[in-house]
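So you can see what is in the structure, the chains are spelled out below.
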Amino acid sequence: MSAAFAMPDGAPSPGAPGAPSPGAAPIGHGIRFDKVSVAYRGLTVLDTLTLAIEPGEFVALIGPSGSGKTTALRAVAGFVRPASGRIRIGETDVTDLPPYARGIGMVVQNYALFPHMRVSDNVAFGLHAQGAPKDIIAGRVQESLRMVGMQAYLTRFPRELSGGQQQRVAIARALAIRPRVLLLDEPLSALDAQIRRNMVEELAKLHRDLAGLTVLYVTHDQTEALTLADRVAIMRDGRLCALGTSTDLYRRPPNRFTAEFLGRANLLPVTVQAVDGAGRAEVRFGDRTFLASAHDRLAAGQACHLCIRPHDLALANGKDEPNLLHADMVSAQWQGDSHSLVVAAQGHELRMLSAPLDHPPRPGERLALRFPAERASLIAEEAGHAGG
Ligand SMILES: Nc1ncnc2c1ncn2[C@@H]1O[C@H](COP(=O)(O)OP(=O)(O)OP(=O)(O)O)[C@@H](O)[C@H]1O
């Protein structure tokens, strides 16, 4: 893991006129991508990205491997140059500025603290390079380490720290210069699951404590994104495929890719029968009629996918419940705190998540399932890439 100003990869050191002064208060600046494209050897890997991140906002950039997430982040940091388009941090157009003049703090996947420097010197590095006075540096090092719970480790060397602790120091190093924006590129992916969960909670707390700090967070981990981010941007093939709050994207995915990428989704092919103008639609699935929520403009006769999350399916109690779906039990898997069931309805396999069952249904058993209309959303077929 490395702070952008620490430059283990050979980039220049900070201290340029555009960087925030060592005594400046931490004021968040927005980040604005305006039709930004990046190409490597003629191949476009970031395609006209337009995205505005508000001051103080935490935005997670997620998407499959190779979808352009890191490239977008590195474009903000100044490590790759867009072929076209502009990038702004706050009011400043930084497209032509070198990395050190952009006022960014950056933490990447493989913590790259300077091994020969103690924790305090690692954290102080950027401030020294900015020419900050000694007393400011000492106070800021303490403050930054306190933010990440590492104030007791001032004199340790990186080799004397665990991976999680090294990452905390790297985050403190990035924060010490009071960056305008914090760029995090898969900062937790080198950690094991338990430490990772703790770090997610710590990052959430850090964001609450530093309310003004703008964060752009690249991850392929949906849980991290859903937990931490105010808004999530989903990338696909170098393009922005969806943008919205975590709950909106999860509850009302704008396209099939988003539904399947963000958590598990059961997608049933249905045909719209009627829409009521108040966000409700009646749809046909084989010989059944269901009610669902329709957030897009849909018309009768239109082919759609009905998106039902596994935990929104439940075993039905009565025969007359609305949205009854008949299915055959395929398999059940006990997962400790839940049961994961696979069922088949009219030739389609669906996944269902329930609280642990004492007597799970046997394979082949006929089941009646229900789901709430407001939790079942419709995705128009052929929905293309959503712009930002
Ligand atoms: N320096 C480079 N030279 C040539 N191609 C590159 C370079 N860096 C990235 N690419 C290509 O650009 C595309 C986007 O890469 P990028 O690292 O932005 O993806 P990503 O979404 O961050 O992926 P991952 O989740 O695997 O890190 C990939 O096809 C990658 O191979």
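Quick look at the structure, then. Everything numeric in this text was worked out from a predicted model, so none of it was measured.

Parameters and conventions
Residues numbered from 1 in each chain as written. Predicted model: local features only at pLDDT ≥ 70, side-chain atom pairs only at ≥ 80, totals over all residues. Heavy atoms only, no water. Pairing = 2+ DSSP bridges. Helix = DSSP H or I, 4+ residues; strand = E, 2+ residues; numbered from the N terminus. Axes fitted to C-alpha atoms, helices over the stretch in contact; angles between N-to-C directions. Parallel < 35°, antiparallel > 145°, perpendicular 65-115°, else oblique. Left-handed = near helix turned anticlockwise from the far one by under 90°. Contact = heavy atoms within 4.5 Å. Nonpolar A, V, L, I, M, F, W, Y, C, P; charged D, E, K, R; others polar. Buried < 20%, exposed > 50% of the residue type's maximum accessible area, 1.4 Å probe, protein only. Salt bridge = Lys/Arg side-chain N within 4 Å of Asp/Glu carboxyl O. Near = heavy atom within 4 Å. Polar contact = N/O pair within 3.5 Å; in protein donor to acceptor, adjacent residues only side chain to side chain. Areas by Shrake-Rupley, 256 points an atom, 1.4 Å probe, with all protein chains shown as cover.

**Side note on the sheet that holds strand β16 (residues 324–334)**
Hydrogen bonds between backbone atoms are what pair the strands of a sheet, whose relative direction is either parallel or antiparallel.
1) Next: Strand order across the open sheet formed by five strands is β15-β19-β16-β17-β18, with antiparallel pairing between neighbours. A strand with exactly one partner marks an edge of an open sheet, and here the two such strands are β15 (314–315) and β18 (348–354).
2) Next: As paired elements, β16 and strand β17 (residues 339–345) share six bridges and run antiparallel to each other. Across the sheet, the residue bridging to Trp334 is His339, located in β17.

**Some remarks on the packing of helix α2 (residues 119–129) against helix α3 (residues 134–147)**
1) Next: Contact geometry for α2 and α3: axes closest at 9 Å, N-to-C directions at 120 degrees. Relative to α3, the element α2 lies oblique. Handedness of the α2/α3 crossing: right-handed. When α2 is examined against α3, the residues Val119, Ser120, Val123, Ala124, Leu127 and His128 are found in contact with a partner set consisting of Ile137, Arg140, Val141, Ser144 and Leu145.
2) Next: Within the contact of α2 with α3, the residues separate by chemical class into seven nonpolar, three polar and one charged.

**Considerations on the environment of Ala190**
1) Next: Here Ala190 is to be found in the loop between β7 (181–185) and α5 (193–209).
2) Next: Residue Ala190 is classed as partly exposed on the basis of its relative accessible area of 37%.

**Some words on the pattern of salt bridges**
1) Next: Evaluated as defined, the whole model comprises 15 salt bridges.
2) Next: Residues Asp47 and Arg239 are paired through a salt bridge, measuring 3.4 Å at the closest nitrogen-oxygen approach. Taken together, the residues span a long stretch of sequence, with Asp47 in strand β2 (residues 43–53) and Arg239 in strand β10 (residues 239–245) at a distance of 192 residues.
3) Next: For Asp47, a relative accessible area of 28% puts it in the partly exposed group.
4) Next: Here Arg196 ties to Asp221 by a salt bridge, and the two come within 3.3 Å at their closest N and O atoms. Taken together, the positions of Arg196 in helix α5 and Asp221 in the loop between β8 (214–218) and α6 (222–228) put the pair 25 residues apart, joining distant regions of the chain. There is no split in this pair, since Arg196 and Asp221 are both buried.
5) Next: Each of Arg81, Arg86, Asp93 and Asp96 takes part in salt bridges that share partners, so that together they form one network.

**Overview of the site of the ligand**
1) Next: Every residue close to the ligand is listed here: Tyr40, Arg41, Val45, Pro64, Ser65, Gly66, Ser67, Gly68, Lys69, Thr70 and Thr71.
2) Next: One of the side-chain nitrogen or oxygen atoms of Ser65 is found 2.6 Å away from an oxygen atom of the ligand.
3) Next: Here Gly68 contributes a backbone N or O atom positioned 3.0 Å from an oxygen atom of the ligand.
4) Next: When isolated, the ligand has an accessible area of 640 Å², and the protein chains bury 59% of it.

**Side note on the sheet that holds β2**
1) Next: With antiparallel pairing, the four strands of this open sheet are ordered in space as β2-β1-β4-β5. Edge positions in the open sheet fall to β2 and β5 (92–93), since each of these has one partner strand only.
2) Next: Bridge analysis of strand β1 (residues 31–40) against β2 gives seven bridges, and the strand direction is antiparallel. Residue Val38 lies in a different strand from β2, and its bridge partner there is Leu46.
3) Next: In this fold helix α1 (residues 69–77) packs onto β1, β2 and β4 (84–89), with an angle of close to 115 degrees to the strand it touches most, β1.

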